[in-house]
Amino acid sequence: MSAEPISRREIRAAARKRSDRQNMLIAALSTIIVIGGGILLVTTRQGWPVVQETFFSVDAFRMSFPDILRGFWIDVKLFLVVEVLVLIFSLLVAVLRSTRAPALYPFRLISAVSTDLFRGIPTILVVYLIGFGIPALALPGVPNDPIILAAIALTISYTAYVSEVFRAGIDSVHPGQRGAALAVGLSRAQAMRFVILPQAVRNVIPPLLNDFISLQKDVALVSVLGIVEAFRVAQIEAASTFNYTPLLAAASLYVIVTVPLSLFLDRMQKRDRGRRRLEEARR
Amino acid sequence: MSVPVLEIQGVTKAFDGKPVLQGIDLKVEEHTAVVMIGASGSGKSSLLRCINLLVDIDDGDILLDGEVVTDPAVDPQRVRRSLAMVFQHFNLFPHMRVLDQITLAPVKAHGIPKDEAVEEARALLARFGLADRERDYPDQLSGGQQQRVALIRAIATRPRALLRDEITSALDPELVGEVLEVVRELKVGGMTMLIATHEMAFARDVADEVCFLHQGRVVERGTGRQMIESPQEPETQKFLARMLATRAV
């Protein structure tokens, strides 16, 4: 240690470092006690071996996982197709609802009514209604493939939600932007296309992703139509072996997809907050 | 005498029954700058928005080069293409780079080939000292730079007249000088302008005519010097006394 006087800056830095180290130590200790204690408490109970065998059986996992994974591939494909369809239709509905041309009035009315309608009906009911209802009509030229009908049902249901997200995005763009776009001589349609929509979409990316995480889980609803996707496979396995491990295996597959999406969403929202703060600081 | 570029004849406008414009008469001759002064809410901004057909007027008429543009049969987009507007808060498009924001209207609304529009935009950027800023987004620019981009965006369409709605809160002194300089430059270039402002220096130094608006009427008009230094109407005197008490001219 040198004898010469230490600067205020160094004293502060040292104090900060000391307190940081102390905080970390406390956090680590607390985590070990709470979580370690919890695990110890659960695994030493009398019933634990039964729980382990029923939900976390390695054998049952090994037996069922390949089939579940194959089933999950159907979920993924369905998700990707429905996702794209929902984006297209909901954007169309949102833009349509913000138009003012009198000739488009019936379309505005239809999209407003159907949005309110389908947001109110449980998705599972829509899937059931379309998946079983349409084949029952036995109309020529109408698809009977349950996967196609499931995709239609999910698209209808989710378009209702997502179009509202886009509409909120369009409303969130400051009216002065539209004024400025018109003032430079753009038409209403051009103002929408080049000025309002790009900002609207950017503003609603977080809630959009949120709805997609929902959709990614809700594709499992199509199992009611007898489509053998991950959840259905797991259900069949569980029912025949009285072991619930396959269900957890299926659950983990959904989680593997949704968790990265959520983390990505969190990061984006954080960045967005940072950018907004920066913008405000500039004003 | 030639036909004025802009002529406002007895224009009235009420919002929700509250009168904002109560019979405004005003003319802007070619290559001149007319400046409107008056307290917030006196109708300056509303008049500019009416001229640009962003707001429908109730009574009276607005003429552009002798044509009545407030006739319901007139296509507003055609009128707006020959006018330009700089908004109080600039209303720049936050998602577009400076160059794209300037070329958007010339390319999409005026059908000018992209190369030509870019070339012209670059020339304007250079003229206003923003040559190295064409790839920036608006939030990367200072207030003064944003204002110049808004101005370039407006004049890039080669308008018959430029409408300017100056910010109502005090500009920082450096910015006042900058704006004055830019407007002088535009005047030299022969631009026809109608400007709403709170900067008296501005009114005195660049205006060919100054109009004092009070409660939606033109109460007094005259040359810049005459209006700022020896106003006749008591309302004008009161307004100027208040303005001069709070800021140096």
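What counts and what doesn't
Residues numbered from 1 in each chain as written. Chains lettered and ligands numbered in written order. Predicted model: local features only at pLDDT ≥ 70, side-chain atom pairs only at ≥ 80, totals over all residues. Heavy atoms only, no water. Domains from an automatic or database assignment. Contact = heavy atoms within 4.5 Å. Buried area = accessible area lost by both parts, 1.4 Å probe. Salt bridge = Lys/Arg side-chain N within 4 Å of Asp/Glu carboxyl O. Polar contact = N/O pair within 3.5 Å; in protein donor to acceptor, adjacent residues only side chain to side chain. Axes fitted to C-alpha atoms, helices over the stretch in contact; angles between N-to-C directions. Helix = DSSP H or I, 4+ residues; strand = E, 2+ residues; numbered from the N terminus. Parallel < 35°, antiparallel > 145°, perpendicular 65-115°, else oblique. Left-handed = near helix turned anticlockwise from the far one by under 90°. Nonpolar A, V, L, I, M, F, W, Y, C, P; charged D, E, K, R; others polar. Phe/Tyr/Trp six-rings, centres within 6.5 Å; stacked < 30°, edge-to-face > 60°. Buried < 20%, exposed > 50% of the residue type's maximum accessible area, 1.4 Å probe, protein only. Lys NZ or Arg CZ within 6 Å of the ring centre and 35° of its normal. Pairing = 2+ DSSP bridges.

Structural notes on the domain arrangement of chain B
Residue and element names in this part refer to chain B.
Item 1. For chain B, the assigned domains are domain 1 (1-82 + 160-249) and domain 2 (89-158).
Item 2. Look at where the C-alpha atoms of domain 1 and domain 2 centre, and you get two points 24 Å apart.
Item 3. Listed per partner, the contact involves 13 residues of domain 1 and 15 residues of domain 2.
Item 4. Buried surface at the junction of domain 1 and domain 2, both sides included, amounts to about 1,100 Å², of which 62% is carbon and sulfur.
Item 5. Where domain 1 meets domain 2, there are one salt bridge.
Item 6. Where Glu-185 meets Arg-127, a salt bridge forms, and the shortest distance between an N and an O atom there is 2.9 Å.
Item 7. Our count for the contact surface shared by domain 1 and domain 2 stands at two residue pairs in polar contact (both at pLDDT 80 or more).

What about the packing of helix H3 (residues 58-97) of chain A against helix H6 (residues 146-172) of chain A?
All names here are of chain A.
Item 1. At their nearest, the axes of H3 and H6 sit 6 Å apart, and the two run at 45° to each other. Overall, the two elements H3 and H6 adopt an arrangement that is oblique. H3 and H6 meet at a crossing whose hand is right-handed.
Item 2. Across the contact of H3 with H6, the residue classes break down as 18 nonpolar, four polar and three charged.

Examining the packing of aromatic side chains
Item 1. Within this structure, the stated rule accounts for seven aromatic pairs over all chains.
Item 2. Centroid distance Phe-61 of chain A to Phe-65 of chain A: 4.9 Å. Interplanar angle 20°. Geometry classified as stacked. Highlighted residues: Phe-61 of chain A and Phe-65 of chain A, both in helix H3, separated by four residues, approximately one helical turn.
Item 3. Residue Phe-61 of chain A is classed as partly exposed on the basis of its relative accessible area, which comes to 35%.
Item 4. With relative accessibility at 23%, the residue Phe-65 of chain A sits in the partly exposed group.
Item 5. Positioned above the aromatic ring of Phe-93 of chain B is the side chain of Arg-153 of chain B, whose terminal nitrogen or guanidinium carbon lies 4.4 Å from the ring centre.

Here we look at the pairing of strand S1 (residues 6-15) of chain B
Residues and elements named next belong to chain B.
Item 1. Sheet topology places S1 next to strand S2 (residues 18-28); eight bridges connect them, and they run antiparallel. Looking across to S2, one finds that Glu-7 is bridged to Lys-27.
Item 2. Here S1 folds back onto S2, and the loop between the two strands holds two residues, one of which, Asp-16, carries a positive phi near 50°.
Item 3. Note: S1 against strand S4 (residues 59-64), five bridges, orientation antiparallel. For Gln-9, the partnering residue across the bridge sits in S4 and is Asp-61.

Focus: the interface of chain A and chain B
Interfaces are often described in size by the accessible area the parts lose on coming together.
Item 1. Taken together, the 19 residues of chain A in the interface contact 23 residues of chain B.
Item 2. Between chain A and chain B, the buried area comes to about 1,700 Å², and carbon and sulfur atoms account for 62% of it.
Item 3. The largest share of the area that chain A buries against chain B comes from Ala-183, Val-184 and Phe-194 of chain A, three residues that together contribute 30% of it.
Item 4. Scanning the region where chain A abuts chain B turns up zero salt bridges.
Item 5. At the boundary of chain A with chain B, the tally comes to five residue pairs in polar contact (both at pLDDT 80 or more).
Item 6. Those elements that provide at least two residues to the side of chain A that touches chain B are helix H7 (175-183), helix H8 (188-203) and helix H11 (245-282) of chain A.
Item 7. It is H7 of chain A that contributes the most residues to the side of chain A that touches chain B, seven residues altogether.
Item 8. Looking at the side of chain A that touches chain B, its residues break down into nine nonpolar, seven polar and three charged.

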